[in-house]
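Below, each chain spelled out in residue letters.
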Amino acid sequence: MLRKDARNIYILAGILLSFFALSGCIPSTAPQKKQPPTFFPPAPSLPRYQFLRSFNGSADFAKKASGLAAFIGVRGRKGFVFKKPYGVAMQNDILYVCDSMNTVFTFNLAKRIFAPLSGAQGMGKLVEPLNIALDKKGNKYVVDPARSQVLKYDKHDFFVKSYSNPDNWKPVAVAVYGSNLFVVDGTHNKGRVQVFDIQSGNVIDSIGNSGEENTRLRIPVDIAFDQEGYMYVVDMGRFQVVKYDRDGHYRGYLGSAGSSFGHFGRPKGIAIDHDGRIYVADAAFNNVQVFAANGQVLTAFGNLPLDKPGSMNLPAGVAINYDSVDYFKQYAAPGFQIQYLIIVANQFHPYSAINVYGFGKMTGKTYPSDQELLDKYMRELRRKNGAAE
């Protein structure tokens, strides 16, 4: 559960920052000015994260948008730029961006095409696309609180069906696990996760709105599953990430309200890598905090001046991708081996709407494991606390 003294967390996180890294630039096929890599932490510490590139809109791709894009106003003298990007996801070399004031847009990295989601018209028209989830078959599930629905599109982007709730609700995020759809209801102080059977569309469970007060959700805003099937819900009302199993049993939380590392001001998006590292975007701190699988804070990145590559401004959605690393290797610093990508949507960034970062290691360098780092710094923390006493 990770509830620690704020001072101790601040000290621990400060030490940890000297061992992790990140860098910045912008991902598209259009040529961009070469800039020195931005790492977190900066040299001489061992880099862990590098900012690679950013997306802002249609100008980031060499090819023009489709006729449908022109019809809905994507084209323009200077090209389309995002108005308010929020949710992001990537699969099969395609990046999906929920522009909450427009529609869902796709960046096809292989074909170098930028276009709106073709099925988002007629019955499938989106009003306020906020977040998106993808299943293994290529189906897309988009939450639209303005429509009070989750809309499903198939692997060809055709509209299939919508999921609704007979109760008053505010769907704000979605995740797929097995044969079920987990939809976050962000209704103020009545938050919950509604579980739908994907095939029938029926609600089969409700999580987070019953039991002891300290196990309930207040204002949930996003959701993610780890490799073991545990569900993590970002709760902006609790200033925490709350952990449940798939049956809805409360398993603990991480974080709390505060301004130091390991605390949250306005938590938004969440993503979890294959090793259990938990990434949480915070719109108050303009960063993404990284937690170990056991919930211990590791580091944070992105809080830079807006004119600096890799900076964030009101970050919302976070996604992790292992399959499209090859498209971004050209932006990696010499010797930096990217293991996977972290994609972050910035709601109001004048230069970088969608940032892509690489998690990796420098060739020939020996990196301690997360657990080794934690053990070492806990010993150091105890030593310092003993000296202070």
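A quick note: this is a predicted structure, and the numbers were derived from the prediction, not measured. (Residues numbered from 1 in each chain as written. Predicted model: local features only at pLDDT ≥ 70, side-chain atom pairs only at ≥ 80, totals over all residues. Heavy atoms only, no water.)

**Q** Explain the confidence of the model for the protein chain to me, using residue names and the numbers behind them.
**A** Predicted confidence across the protein chain gives a mean pLDDT of 87, with 85% of residues reaching 70 or more. In the predicted structure, residues 1-32 sits below a pLDDT of 50 and forms 133 contacts with residues beyond four places in sequence or in another chain. A low-confidence stretch, residues 64-77 stays under pLDDT 50, and its non-local contacts, those more than four residues away or across chains, total 24 contacts. (pLDDT = per-residue confidence, 0-100. Contact = heavy atoms within 4.5 Å.)

**Q** So what's going on with the pairing of strand β25 (residues 354-362)? Residues and values would help.
**A** Counting buried positions along β25 yields eight of nine residues, so the element is predominantly enclosed. The pairing of strand β2 (residues 49-55) with β25 spans six bridges and is classified as antiparallel. Across the sheet, Phe-55 pairs through a bridge with Ile-354, a residue of β25. (Buried < 20%, exposed > 50% of the residue type's maximum accessible area, 1.4 Å probe, protein only. Helix = DSSP H or I, 4+ residues; strand = E, 2+ residues; numbered from the N terminus. Pairing = 2+ DSSP bridges.)

**Q** How would you summarise unusual backbone geometry if you had to cite specific residues and measurements?
**A** In this structure, the amide linkage connecting Phe-40 to the following residue, Pro-41, adopts the cis form with an omega of -5 degrees. Positive phi, close to 50 degrees, is recorded for Asn-92, a residue that is not glycine. You can see Asn-92 is positioned in the loop between β3 (85-91) and β4 (94-99). We classify Asn-92 as exposed; its relative accessible area is 58%. For Asp-93, which is not glycine, the phi torsion reads 65 degrees and is therefore positive.

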